[in-house]
Amino acid sequence: MTISGDAWRAFTTAFGGDPDGIWCAPGRVNLIGEHVDYAGGLCLPMAIPQVTAAAVRRRIDGRLRLHSTGFDPVEVETDARVGGWGAYVAGVVWALDPPGFRGADIAIVSEVPVGAGLSSSAALEASVALALADLCGLPVDDEGRDALARTCARAENDYAGAPTGGMDQQIALRGRAGHALLLDCADGHVEHIPVDTAAAGLTVLVIDTGTGHRLVDGRYGSRRTEVEEATRLLGRPLREVESVSALHDPTLERRARHVVTEIARVRTAADALRAGRVRDLGPLLDASHRSLRDDFEVSCAELDSAVDTATAAGAHGARMVGGGFGGSAIALCESNDVPGIEAAVTATAEAQGFPPPVFLHATPSPGACRC
Ligand code: ADP
Ligand code: MG
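Residues numbered from 1 in each chain as written. Chains lettered and ligands numbered in written order. Predicted model: local features only at pLDDT ≥ 70, side-chain atom pairs only at ≥ 80, totals over all residues. Heavy atoms only, no water.

J.: Just give me the short version of the overall build of the protein chain, but keep the residues and values in it.
T.: For the protein chain, the count of helices and strands is ten helices and 13 strands. Here the C-alpha radius of gyration of the protein chain, 20 Å, is about what a compact globule of 371 residues would show, namely 21 Å. For the protein chain, the spread of C-alpha atoms along the three principal axes comes to 55 × 50 × 40 Å. In the protein chain, buried positions account for 59% of the 371 residues. At a minimum sequence separation of 6, the contacts of the protein chain that also span at least 24 residues come to 72%. Looking at the protein chain as shown, the accessible area adds up to about 14,200 Å², and 50% of this sits on carbon and sulfur atoms. Seen as two clouds, the 33 positive and the 49 negative side-chain charges of the protein chain have centres 3 Å apart. (Helix = DSSP H or I, 4+ residues; strand = E, 2+ residues; numbered from the N terminus. Rg over C-alpha atoms; globule rule 2.2 N^0.38 Å. Buried < 20%, exposed > 50% of the residue type's maximum accessible area, 1.4 Å probe, protein only. Contact = heavy atoms within 4.5 Å. Areas by Shrake-Rupley, 256 points an atom, 1.4 Å probe, with all protein chains shown as cover. Lys, Arg positive; Asp, Glu negative; His and termini not counted. Charge placed at Lys NZ, Arg CZ, Asp CG, Glu CD.)

Written out as structure tokens, the structure reads:
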């Protein structure tokens with residue numbers, strides 16, 4: 001059964017009758033460029049095959065009824081303030097304020113693991129935003145999707161209270177099959193760069209460490225605040241800075257050094273992909289992980305172990321992805337080596353008493369669509 005079929009069934013079970021349609025949006029992995037989106041930097045995410053599906057039917061009585069498998073149902077007035085998971089949906093309604101919108105029944109089914117650093121939150125927001133845009137006649141061409149992505153980011157920041165930077169929503173709405181998205185977070189400019197991992201005999205292996213993170217718990221936000229403080233002290237955007245030694249504060253210096261070096265790594269990675277040299281990403285992934293671990297201090301024992309083990313078992317490079325403090329890592333592997341690398345990572349996790357990792361293979365996939 002496809003996920004759109006699952007969503008249709010979930011809808012009829014929850015609400016009776018048929019939805020007006022089903023809309024899907026993918027999770028993502030960021031190849032490189034972590035914790036730089038809110039600093040106006042560059043990042044290079046790609047959409048993954050796992051999606052969130054929203055089955056939606058309009059209502060005319062000003063009510064919002066929400067179902068999601070594994071979560072408590074929510075039923076509120078469209079203008080009420082909602083907490084919990086419903087905030088990610090009600091926040092999109094609030095931020096988008098679609099013309100003529102007077103309520104909806106929405107059933108959610110998802111393949112994107114929640115809190116694994118693969119952006120289930122943006123997949124949820126984007127599936128709902130595209131549905132509402134389609135149903136209310138808002139543009140859904142690339143420009144329209146850019147606007148929808150910004151709206152979803154506003155919903156996540158200002159309504160759900162997660163101070164994330166906007167990359168996740170852009171890739172969920174604008175990703176293309178077979179491409180990574182070079183996103184300039186300062187001006188929203190994008191370039192779709194082909195990444196043919198399969199033809200190169202390569203696999204982007206996602207290692208979900210099973211240690212969930214929560215972006216609303218404050219640690220993500222404190223990094224963002226430190227980066228903003230470093231930017232203020234240096235007097236210009238970190239992407240224009242070459243040396244961070246003028247900061248004097250050793251913590252701010254480390255945080256800023258991560259951002260500056262990470263943006264440089266993204267530029268090098270984009271050049272390598274444009275030239276079809278996918279394997280050259282390996283050392284950049286390793287350097288990114290060291291920077292996130294030592295300078296930005298957002299890794300954890302489970303992520304370090306997964307990264308070190310994957311590299312020792314033959315991956316070209318590996319790094320933690322997403323906000324950090326848990327979640328997932330990626331490893332760039334020869335496809336033939338994947339079974340051995342997965343076995344090694346599982347064995348190490350077991351030996352160290354960590355949760356059993358879950359593996360996904362991240363082929364670059366399309367952005368949100370109507371199914
Ligand atoms: P992630 O890295 O997965 O995006 P976040 O902490 O940003 O992690 O978002 C996870 C939160 O998003 C969940 O706690 C929940 O509130 C909401 N969410 C994500 N996917 C779903 C879903 N399928 N159904 C309901 N809520 C979801
Ligand atoms: Mg998220």
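J.: Summarise the domain arrangement of the protein chain; cite the residues concerned and give the values.
T.: For the protein chain, the assigned domains are domain 1 (3-195) and domain 2 (202-362). Between the C-alpha centres of domain 1 and domain 2 the distance comes to 24 Å. Contact with domain 1, which involves 43 residues of that partner, is made by 44 residues of domain 2. Counting the surface lost from both domain 1 and domain 2, the interface buries some 3,200 Å², and carbon and sulfur atoms represent 68% of this. Among the residues domain 1 hides against domain 2, the three largest losses belong to Ile-32, His-35 and Tyr-38. Together they make up 21% of the total. (Domains from an automatic or database assignment. Buried area = accessible area lost by both parts, 1.4 Å probe.)

J.: Talk me through the packing of helix α4 (residues 142-159) against helix α5 (residues 167-174); I want residue IDs and the actual numbers.
T.: At a minimum axis separation of 8 Å, α4 and α5 run at an interaxial angle of 145°. Two packed elements cross with a definite hand, and for α4 against α5 that hand is right-handed. Between α4 and α5, the contacting residues are Asp-142, Arg-145, Asp-146, Leu-148, Ala-149, Arg-150, Cys-152, Ala-153 and Glu-156 on the first element and Gln-169, Gln-170, Leu-173 and Arg-174 on the second. (Axes fitted to C-alpha atoms, helices over the stretch in contact; angles between N-to-C directions. Left-handed = near helix turned anticlockwise from the far one by under 90°.)

J.: Talk me through the nonpolar core; I want residue IDs and the actual numbers.
T.: Note that soluble globular proteins tend to have their nonpolar side chains buried in a common cluster. Leu-31, Leu-44 and Leu-273 are the most contacted members of the largest nonpolar core, which totals 76 residues. The element contributing the most residues to this core is helix α7 (residues 250-274), with ten residues. Counting 42 residues, the second-largest nonpolar core is a separate cluster that includes Trp-85, Tyr-88, Leu-132 and Tyr-159. (Core = buried A, V, L, I, M, F, W, Y, C linked by side-chain atoms within 4.5 Å.)

J.: Describe helix α8 (residues 281-295), listing the residues and the values that go with them.
T.: A rise of 1.5 Å per residue sets the reference length of α8, with its 15 residues, at 21 Å; its end C-alpha atoms lie 20 Å apart and thus fit the reference within 8%. Burial analysis of α8 places eleven of its 15 residues in the buried class, the great majority of the element. Along α8, the residues that are buried comprise Leu-281, Gly-282, Leu-284, Leu-285, Asp-286, Ala-287, Ser-288, His-289, Ser-291, Leu-292 and Asp-295. On its buried side, α8 packs onto α7, α9 (301-312), β10 (317-320) and β11 (328-334). Positive phi shows up at Glu-297, right after α8, with a value of about 55°. (Expected span 1.5 Å × (residues − 1).)

J.: Hey, could you go over the packing of aromatic side chains for me, with residue numbers and the actual values?
T.: Applying the stated criterion across every chain yields a total of four aromatic pairs. With a centroid separation of 5.8 Å and an interplanar angle of 70°, the aromatic rings of Tyr-38 and Tyr-220 are classed as edge-to-face. Of the two residues, Tyr-38 sits in the loop between β1 (21-30) and β2 (42-43) while Tyr-220 sits in helix α6 (residues 219-234), which places them 182 residues apart along the sequence. When the ring centre of Phe-325 is taken as reference, the NZ or CZ atom of Arg-219 above it lies at 4.2 Å. (Phe/Tyr/Trp six-rings, centres within 6.5 Å; stacked < 30°, edge-to-face > 60°. Lys NZ or Arg CZ within 6 Å of the ring centre and 35° of its normal.)

J.: Hey, could you go over unusual backbone geometry for me, with residue numbers and the actual values?
T.: The phi torsion at Asp-97 lies on the positive side, around 45°, for a residue other than glycine. With respect to the element layout, Asp-97 can be found in the loop between α2 (86-96) and β6 (103-110). Classification of Asp-97 by relative accessible area gives exposed; the value is 59%. Phi is positive for His-248, which is not a glycine, with a value near 65°. For His-248, the location among the structural elements is in the loop between α6 and α7.

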